[in-house]
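Here is what each chain is made of, one letter per residue.
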Amino acid sequence: MTFNFNDPLKQEIWATVRAMNDAWTKGDPDDLGKFFHRDMVAITATDRNRLDGGAACIAGWKGFSNAARIHRWEEIDPVIHVYGDSAVVSYYFDMSFDMGGQTIDTGGRDMFFFVRENGRWWAVADQYSPYPA
């Protein structure tokens, strides 16, 4: 689904999010190095401890991408708040994937924090989780 933001800066940030998510859902998860800041941290739904550092975050997303066959990924109802050279991006997601011999349909929430360095938007923090039961 395509979302258009009236603010060109928000549209630029959203284009970054879309390209980032396409990298791990449709392309090469190693390309997340173009989006994940070297000092990124993430709280995931499946790891007890936070992922600390861009390399650890890339490894986590890559591990999932390699273990799953993703059929569908969709961002829903995104919101972007810009604070100078930083931004919060939140959206709901819907996805379907095969893992361990079964098809899993799930959805949840995702919230990223981005900073702009050297003219590029970098993900510096992420927290996502499935919808509560």
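Nothing here was measured: the structure is a model prediction, and the numbers come from that model.

Asker: Could you give me a rundown of unusual backbone geometry, with the residues and numbers involved?
Answerer: The backbone phi angle of Asp-77 is positive, close to 50 degrees, even though this residue is not glycine. With respect to the helices and strands, the residue Asp-77 is situated in strand β3 (residues 69-83). In this structure, Asn-118 takes a positive phi of about 50 degrees despite not being glycine. Here Asn-118 shows up in the loop between β5 (102-117) and β6 (120-130). Owing to a relative accessible area of 82%, Asn-118 belongs among the exposed residues under this scheme.

Asker: Kindly report on the packing of aromatic side chains, identifying the contributing residues and their values.
Answerer: The full count for this structure, using the stated rule, is 11 aromatic pairs. Look at Trp-73 and Tyr-91: their rings are 6.5 Å apart centre to centre, the planes differ by 90 degrees, and that puts the pair in the edge-to-face class. In this pair, Trp-73 sits in strand β3 while Tyr-91 sits in strand β4 (residues 86-99), placing the two residues 18 residues apart along the sequence. What links up through ring pairs into an aromatic cluster is the set Phe-5, Trp-14, Trp-24, Phe-64, Trp-73, Tyr-91, Phe-93 and Phe-97. Its guanidinium or amino end placed over the ring of Trp-122, Arg-120 lies 4.8 Å from that ring's centre, counting from NZ or CZ.

Cut-offs applied
Residues numbered from 1 in each chain as written. Predicted model: local features only at pLDDT ≥ 70, side-chain atom pairs only at ≥ 80, totals over all residues. Heavy atoms only, no water. Helix = DSSP H or I, 4+ residues; strand = E, 2+ residues; numbered from the N terminus. Buried < 20%, exposed > 50% of the residue type's maximum accessible area, 1.4 Å probe, protein only. Phe/Tyr/Trp six-rings, centres within 6.5 Å; stacked < 30°, edge-to-face > 60°. Lys NZ or Arg CZ within 6 Å of the ring centre and 35° of its normal.

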